[in-house]
Amino acid sequence: MTPINDEFFEKLLDEFENQNPIIENYEITLTENISIDVSRKSYEFRNCIFKGARIDFYDFDNSNENKHE
């Protein structure tokens, strides 16, 4: 498991170009709260440990009527 900080974690999220990236084998230490937009991408976390601050997932794209509430 690779330890990373919140700065590296946010950079990692931004670098993914595919629609459903898999993030695995990280120990993620957050010093500040972060928000992740899932309106255009969905993320899958495997074998990850999160420590520290809060993560908020949000989707403000209301154009797709088939989305679950």
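Anything mentioned here points back to the structure above.
First things first, this report covers the structure right here in the doc. (Residues numbered from 1 in each chain as written. Predicted model: local features only at pLDDT ≥ 70, side-chain atom pairs only at ≥ 80, totals over all residues. Heavy atoms only, no water.)

**Let's talk about the nonpolar core**
Nonpolar side chains in soluble globular proteins tend to be buried together. If you look at the biggest cluster of nonpolar residues, it comprises 12 residues: Ile 4, Phe 9, Leu 12, Leu 13, Ile 23, Tyr 26, Ile 28, Leu 30, Ile 34, Ile 36, Tyr 43 and Cys 48. Listing elements by their share of this core, those giving two or more residues are helix 1 (6-15), strand 3 (26-30) and strand 4 (34-37). Non-local contacts of Tyr 26, meaning those with residues more than four positions away in its chain, are made with Met 1, Thr 2, Ile 4, Phe 8, Leu 12, Asn 47, Cys 48 and Ile 49. (Core = buried A, V, L, I, M, F, W, Y, C linked by side-chain atoms within 4.5 Å. Buried < 20%, exposed > 50% of the residue type's maximum accessible area, 1.4 Å probe, protein only. Helix = DSSP H or I, 4+ residues; strand = E, 2+ residues; numbered from the N terminus. Contact = heavy atoms within 4.5 Å.)

**What about the packing of aromatic side chains?**
Following the criterion strictly, the structure yields 4 aromatic pairs and no others. When the ring of Phe 9 is compared with that of Phe 45, the centres are 6.3 Å apart and the planes differ by 40°; the resulting orientation is tilted. On the criterion of sequence distance, the pair formed by Phe 9 in helix 1 and Phe 45 in strand 5 (residues 44-46) is long-range, its members being 36 residues apart. Phe 9 gets classed as buried once you look at its relative accessible area, which sits at 0%. Ring geometry for Phe 45 against Phe 50: centres 5.3 Å apart, planes inclined by 80°, an arrangement best described as edge-to-face. Note on Phe 45: relative accessible area 27%, which makes it partly exposed. An aromatic cluster of three or more residues is present, and its members are Phe 9, Phe 45, Phe 50 and Phe 57. (Phe/Tyr/Trp six-rings, centres within 6.5 Å; stacked < 30°, edge-to-face > 60°.)

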